[in-house]
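# Structural overview for review
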Amino acid sequence: MRICSLTMTNSSQLLRFVPTSLPPVGTDIEKLQLFLNQATRLLVLTGAGVSTESGLPDYRSANVGLYARTDRRPMSYQEFVRNSLARQRYWARNFVGWPRFSSFLPNQSHLALAKWEKHGSLDCVVTQNVDELHRKAGSQHVIELHGSGHRVMCLSCDMLMPRNQLQDMFAVANPTWSLSDMNTSIQVAPDGDVLLSEEMVKNFKVPPCPNCGGVLKPDVVFFGENVPTKLVDHIYGLVEASDSLLVAGSSLQVYSGYRFVAKAKQGKSKRIAIINIGHTRADDIADLKIEARCGEVLSRIQV
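Just so it is clear, the model here is predicted, and its values are computed rather than measured.

### Section: the pattern of salt bridges
- Enumeration over the complete set of coordinates arrives at 14 salt bridges.
- The shortest N-O distance in the salt bridge between Glu144 and Arg151 comes to 3.0 Å.
- Assessed through its relative accessible area of 24%, Arg151 is described here as partly exposed.
- The salt bridge involving Lys263 is made with Glu240; its shortest N-O contact spans 3.4 Å. Here Glu240 lies in helix H9 (residues 229–241) and Lys263 lies in helix H10 (residues 255–265), a separation of 23 residues in the sequence.
- The exposure class of Lys263 is partly exposed, given its relative accessible area of 23%.
- Each member of the salt-bridge network shares a partner with another, and the members are Glu132, Arg135, Glu144, Arg151 and Asp219.

### Details of the nonpolar core
- Grouped together as the largest cluster of nonpolar side chains are 30 residues, with contacts concentrated most on Trp91, Met161, Leu166, Trp177, Phe204 and Leu216.
- Residue assignment for this core shows that the elements contributing at least two residues are helix H4 (84–101), strand E5 (147–154), helix H7 (163–173) and strand E8 (216–220).
- Here this core gets eight residues from one element, more than from any other, and that element is H4.
- Setting aside residues up to four positions removed in sequence, Met161 forms contacts with Arg151, Val152, Leu166, Met169, Pro210 and Leu216.
- Residues Leu32, Ala112, Ala248 and Leu298 belong to the second largest nonpolar core, which totals 24 residues.

### Concerning the side chain of Ser139
- Turning to its location among the elements, Ser139 is positioned in the loop between helix H6 (133–137) and strand E4 (142–144).
- Residues contacting Ser139, with those up to four places away along its chain left out, are Leu113, Ala114, Glu117 and His134.

### Regarding the sheet that holds E5
- Taken together, the three strands give an open sheet; going across it, the order is E6-E5-E8, and neighbouring strands pair in antiparallel fashion. Each edge of the open sheet carries a strand with a single partner, namely strand E6 (160–162) and E8. On average, each strand axis in the sheet is inclined to that of its neighbour by 40 degrees, with strand direction left out of account.
- Here E5 runs beside E6; their pairing, made up of three bridges, is antiparallel. Counted as the bridge partner of Val152 is Met161 from E6.
- The sheet contacts of H4 involve E5 and E8, and relative to E5 the element is tilted by about 140 degrees.

What counts and what doesn't
Going along each chain's sequence as written, the residues are numbered from 1 onward. The model is predicted, so local features are restricted to residues of pLDDT at least 70 and side-chain atom pairs to those at 80 or more, both for listing and for counting; the totals for chains, interfaces and linings are taken over all residues. Processing note: side-chain calculations cover all non-hydrogen atoms of the structure and skip hydrogens and water entirely. Each reported salt bridge corresponds to a side-chain nitrogen of Lys or Arg within 4 Å of a carboxyl oxygen of Asp or Glu. For each residue, the accessible area found with a 1.4 Å probe, counting protein chains only, is set against the maximum for its type, and the residue is called buried under 20%, exposed over 50%, and partly exposed in between. Going along the chain from the N terminus, every DSSP run of H or I of four or more residues is numbered as a helix, and every run of E of two or more is numbered as a strand. Side-chain atoms within 4.5 Å link the members of a nonpolar core, which is a set of buried Ala, Val, Leu, Ile, Met, Phe, Trp, Tyr and Cys residues. Only heavy atoms enter the contact rule, under which two residues are in contact if any of them lie within 4.5 Å. Only when DSSP finds a minimum of two bridges between them are two strands counted as paired. The axes are straight lines fitted to the C-alpha atoms, using for helices just the contacting stretch, and the angles between their N-to-C directions are given from 0 to 180°.

Here's what the structure looks like:
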């Protein structure tokens, strides 16, 4: 079976998943600059909106998000663990999407935050994204709230391995599947998923864990799956230790991220700034809200 690779034809396509917005005004930049200058312990929480400028779509953005453009929905944890056919479909589509998903590059937002860290202007980035673009940009202190699509785990023995290793295992198990020159109309979802027909998927072979023969799962938190309690408690500790919280590119509609903003506002001891195009769940408790592209804003802040 011949499957084509996913490529971008030109740089202008990188912004096709970014909602329309006005450029940031000078006063907003000045306010955020002051916010950063006054912070002594800054924690940054990022969402899909920091990666859309790299050409990676998000789920919820008006008009351009995956939910607005298609009826595709991410697979739930329960479906993945209970249904072998669902796992076959998931991994076949992920196999095709992986070359494109793994090739996304950091944008101005990721590079700016990496620079802030290098200059001691932020303590840690907590990201809701699974794309590892913060690490690609050079950030060292990154907590992946929802895991990473660049790792794979075993549900039986908890073995971890790089996603690239599994791609090689897929290629060996499915020698008739060839990845080359795919039609660019096939789009990668935020989790690396692409749309394939059931006919294409039905003969795809999914190898077991090479360590124990168990079921392999991406090391990400699926919809319907809980973030590990120890990780949540650790991030709560970071919120407690901080004096300022910056949210970038997240509507905070998912409680797993919003709870940290709500925690920061308890006692009104911490300042909160938000950069996001569109309404967020925490607009009414933020000290500063900027509606503009994250890259346009963060790249203009001096450290």
